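A structural walkthrough
Here's the letter readout for the chains.
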Amino acid sequence: MLAPTVGHYAFVRDDGQPLDYIPGQFIQVHFHYADGTATKRSYSLATIHDHALGAGEAVEIAVSYVPGGAATALFESLEVGGQVDASGPFGRFCLMPADSNRRYLLIGTGTGVTPYRAMLPQIETLIRERGIEVVLLFGARTPVELLYGDEFRAFADAHPGFRFVPCFSRELPENPHPDVRHGYVQQFLEEFAPNAETDIAYLCGNPNMVDACFEALKGHGLPVPQIRREKYVSSK
């Protein structure tokens, strides 16, 4: 368990082939409702992508548990060694090779932070080679729900170009880091002065947060191509 209502799962392909991906992509898990209707859910890949994944190497996802949810029931009943049907990877929520911006604003809530974990090695390379700056604004209700928080803080401590700003809506940690904020991520965008000349923004997580930040970023003059969005779909 990553948090009281979030599970962490690792999978390998059962056909012996590699499951490599570009950081920011997702897989789709296919299953059926109780009445037999087919459905699927999308999960961003969370594995720290520091090399091309080969045969037998696992990929990781984070799954939010929703009481009464069909996908939640699927994952909660999954035993070690169990199988799921999945397809992918899919998506273009990725750091693009042609980007020439000076700063990335990475904004997420809940399991919407998983693609940013996968991007850390790529971010490290971009900081070293292009001298970019990165701000990760990550929203959670309480400290125990701050997924991968220790990893992001350690990365920020080791890389001056990376700033990690956890935003807690309900409960602050004891002895909070100076970059900790109390409130919702969208409340603190103004603090970082989004700028169309320098910034590309990524939004992933709660749809209300994504919509609010999208409008706020447009209000700061960022054109739509510089605002890249993924709306997280919970495990209902």
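Below you will find a few notes about this structure. Sequence order as written defines the numbering, with residues in each chain counted from 1. Totals for whole chains, interfaces and linings use all residues, but because this is a predicted model, local features are given only for residues with pLDDT of at least 70 and pairs of side-chain atoms are given and counted only at 80 or more. To get the side-chain values, all heavy atoms of the structure are used, and hydrogens and water are removed first.

1. Focus on the nonpolar core
- In terms of nonpolar packing, the biggest core is built from 33 residues, with Tyr-104, Tyr-116, Ile-123, Leu-136, Phe-152 and Phe-162 touching the most fellow members.
- Listing elements by their share of this core, those giving two or more residues are strand 6 (103–109), helix 3 (120–130), strand 7 (133–140), helix 4 (149–158), strand 8 (162–168) and strand 10 (199–205).
- Non-local contacts of Phe-162, meaning those with residues more than four positions away in its chain, are made with Leu-120, Ile-123, Ile-127, Val-134, Leu-136, Phe-152, Phe-155 and Ala-156.
- Core analysis: the next-biggest nonpolar cluster, separate from the first, contains 19 residues, Leu-105, Val-135, Cys-213 and Ile-227 among them. Buried Ala, Val, Leu, Ile, Met, Phe, Trp, Tyr and Cys residues form a nonpolar core when they are joined through side-chain atoms within 4.5 Å. For each residue, the accessible area found with a 1.4 Å probe, counting protein chains only, is set against the maximum for its type, and the residue is called buried under 20%, exposed over 50%, and partly exposed in between. To qualify as a helix, a DSSP run of H or I must reach at least 4 residues; to qualify as a strand, a run of E must reach at least 2; elements of each kind are numbered from the N terminus. Contacts are assigned to residue pairs that have any heavy atoms within 4.5 Å of one another.

2. Here's the deal with the sheet that holds strand 9 (residues 181–182)
- By the convention used here, strands pair only if DSSP detects at least 2 bridges between them. An order of 9-8-7-6-10-11 is seen for the six strands of this open sheet, with the pairing classed as parallel. Looking along the sheet, the strands with just one partner apiece sit at the ends: strand 9 and strand 11 (227–231).
- Note: strand 7 against strand 8, seven bridges, orientation parallel. By the bridge assignment, Val-134 is partnered in strand 8 with Phe-162.

3. Description of the pairing of strand 2 (residues 26–32)
- Summarising burial for strand 2: five of the seven residues are buried, a large majority.
- In the sheet, strand 2 pairs with strand 3 (residues 38–44) via seven bridges, with the strands oriented antiparallel. Opposite Val-29, over in strand 3, you have Arg-41 as the bridge partner.
- If you look at the hairpin formed by strand 2 and strand 3, you'll find five residues sitting between the two strands, and Gly-36 has a positive phi there, around 95°.

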